[in-house]
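Chains, contacts and geometry: an overview
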Amino acid sequence: MNILKTIALGQLLSLCICGTAITSQYLAEKYKVNTPMLQSFINYCLLFLVYTVMLTFQSGSGNLLYILKRKWWKYILLGLADVEANYLIVRAYQYTTLTSVQLLDCFGIPVLMALSWFILYARYRVIHFVAVAVCLLGVGTMVGADILAGREDNSGSDVLIGDILVLLGASLYAVSNVCEEYIVKKLSRQEFLGMVGLFGTLISGIQLLIVEYKDIASIHWDWKIALLFVAFALCMFCLYSFMPLVIRITSATSVNLGILTADLYSLFFGLFLFGYKFSGLYILSFTVIMVGFILYCSTPTRTAEPAESSVPPVTSIGIDNLALKLEENLQETHSAVL
């Protein structure tokens, strides 16, 4: 039952990403609007208005001022990683090919697993590595289908620069996702979203004025363009709001494997909206990715405690129970002292 729930939530996130891809493509192809930073800025503003404002009414350690006094520089770095990850991946499309972006974007998964190993003390079993390999095989099948279907028309102006941007963006995504998993499991979802909303708005707003001022000024606004911007922002807001919930019950690696199907959803919608050619390999790719995702979720990862801790290893789904147990032990010790 938990696996079914995880699969459903993972595909919900994929559909949110699909929504952002379709609206961005409509803006770029039909209205010649290429403003990824403006689109991200609107999303961060929504996060700020909802979650950062929410933190101002919290009391104790969850209060906005309390968090800023103690961890402001950490959240500036997190906000910077999140903003630039979004920007670099989108910008890479101007330089390199769709195939390169799809393949190299997967570089974030091994980076994420390595960071989880050292920072979150995640310990993987053989089945997890097999599952990741199966998912990447599915991505390779999807790329092959793209080439056969003739979607590899734009060769890019400078492939090397584009490939480097993708690798940097994927690595920054991994950093952001590991931080997100730590914060939502150890602290709170509201703190993560509130801080990303605050510093994401500031950083993307400054970068927006520097790199996209002319592009924004050239937009011929009408209600259709405005509606596409709103649709993109809502999909992105839902993605950011729901992802911490899914990461809390699974892991950042599991979520990133699940959302590999987002490109396929975009392709399926593109058959009707943009006249893409259909290939049976798309169905095969979707099936292979889902098999790998289910394999990964079928066995929970272990969480090894730091060497100085006497707490035994636990599975990733038992972190909340571990916290309760530690609290009980502290209470017993306190009672004994009294």
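Residues numbered from 1 in each chain as written. Predicted model: local features only at pLDDT ≥ 70, side-chain atom pairs only at ≥ 80, totals over all residues. Heavy atoms only, no water.

Our focus in this paragraph is the overall build of the protein chain. Regarding its fold elements, the protein chain presents 14 helices and three strands. For the protein chain, the proportion of its 338 residues judged to be buried stands at 47%. Residue pairs in contact within the protein chain that sit at least 24 positions apart in sequence constitute 85% of those at least 6 positions apart. Roughly 16900 Å² of accessible area belongs to the protein chain as shown, and the carbon and sulfur atoms make up 69% of that amount. (Helix = DSSP H or I, 4+ residues; strand = E, 2+ residues; numbered from the N terminus. Buried < 20%, exposed > 50% of the residue type's maximum accessible area, 1.4 Å probe, protein only. Contact = heavy atoms within 4.5 Å. Areas by Shrake-Rupley, 256 points an atom, 1.4 Å probe, with all protein chains shown as cover.)

Further remarks concern the environment of Ile-76. In this structure, Ile-76 sits in helix α3 (residues 64-92). Between the alpha carbons of Ile-76 and Phe-199 there is a distance of 5.9 Å; along the sequence they are 123 residues apart. Once residues lying within four places of it in the same chain are set aside, the contact partners of Ile-76 are Phe-199 and Ile-203.

Moving on, we come to the nonpolar core. Burial of nonpolar side chains together is a common tendency in soluble globular proteins. Ranked by internal contacts, the top residues of the largest apolar core, which has 46 residues, are Leu-47 and Met-195. Broken down by element, the residue count for this core peaks at 11 residues, all from helix α10 (residues 223-249). Core analysis: the next-biggest nonpolar cluster, separate from the first, contains 24 residues, Ile-7, Ile-109, Leu-267 and Tyr-282 among them. (Core = buried A, V, L, I, M, F, W, Y, C linked by side-chain atoms within 4.5 Å.)

Taken as a whole, this structure holds two salt bridges when the rule is applied. Of the charged contacts, one joins Glu-191 and Lys-71 as a salt bridge, the two residues approaching to 2.8 Å between their closest N and O atoms. In this pair, Glu-191 sits in helix α8 (residues 189-211) while Lys-71 sits in helix α3, placing the two residues 120 residues apart along the sequence. Comparing Glu-191 with Lys-71, the two get one shared label, buried. (Salt bridge = Lys/Arg side-chain N within 4 Å of Asp/Glu carboxyl O.)

Time to look at the packing of aromatic side chains. Between two aromatic rings, the relevant description is the distance of the centres plus the angle of the planes. A complete count under the given rule lists six aromatic pairs for this structure. Here the aromatic residues Trp-117, Tyr-124 and Phe-129 are joined through ring pairs into a cluster of three or more. Directly above the aromatic system of Tyr-66 lies the positively charged group of Arg-70, at a separation of 3.8 Å from the ring centroid. (Phe/Tyr/Trp six-rings, centres within 6.5 Å; stacked < 30°, edge-to-face > 60°. Lys NZ or Arg CZ within 6 Å of the ring centre and 35° of its normal.)

Attention shifts here to the confidence of the model for the protein chain. Overall, the prediction assigns the protein chain a mean pLDDT of 82, with 85% of residues at 70 or greater. No element of the protein chain has a lower mean pLDDT than helix α14 (residues 319-337), at 43, and none a higher one than α8, at 94. A low-confidence stretch, residues 309-338 stays under pLDDT 50, and its non-local contacts, those more than four residues away or across chains, total 23 contacts. (pLDDT = per-residue confidence, 0-100.)

Here the focus is helix α13 (residues 280-298). The first and last C-alpha atoms of α13 sit 27 Å apart over 19 residues, in line with the 27 Å expected at 1.5 Å per residue. Turning to α13, its buried residues are Tyr-282, Ser-285, Val-288, Ile-289, Met-290, Gly-292, Phe-293, Tyr-296 and Cys-297. Buried residues along α13 sit against α1 (2-30), α6 (126-148), α11 (252-258) and α12 (262-273). (Expected span 1.5 Å × (residues − 1).)

Here we come to the environment of Leu-15. Inspection of the secondary structure puts Leu-15 in helix α1. Each C-alpha atom of the pair Leu-15 and Ser-266 lies 8.4 Å from the other, and the pair is 251 residues apart in sequence.

On to unusual backbone geometry. For Lys-32, which is not glycine, the phi dihedral falls at a positive 55 degrees. Mapped onto the secondary structure, Lys-32 falls in the loop between α1 and α2 (36-56). For Tyr-121, which is not glycine, the phi dihedral falls at a positive 60 degrees. The residue Tyr-121 is located in the loop between α5 (108-119) and β1 (122-123) in this model. Judged by its relative accessible area of 31%, Tyr-121 falls in the partly exposed class.

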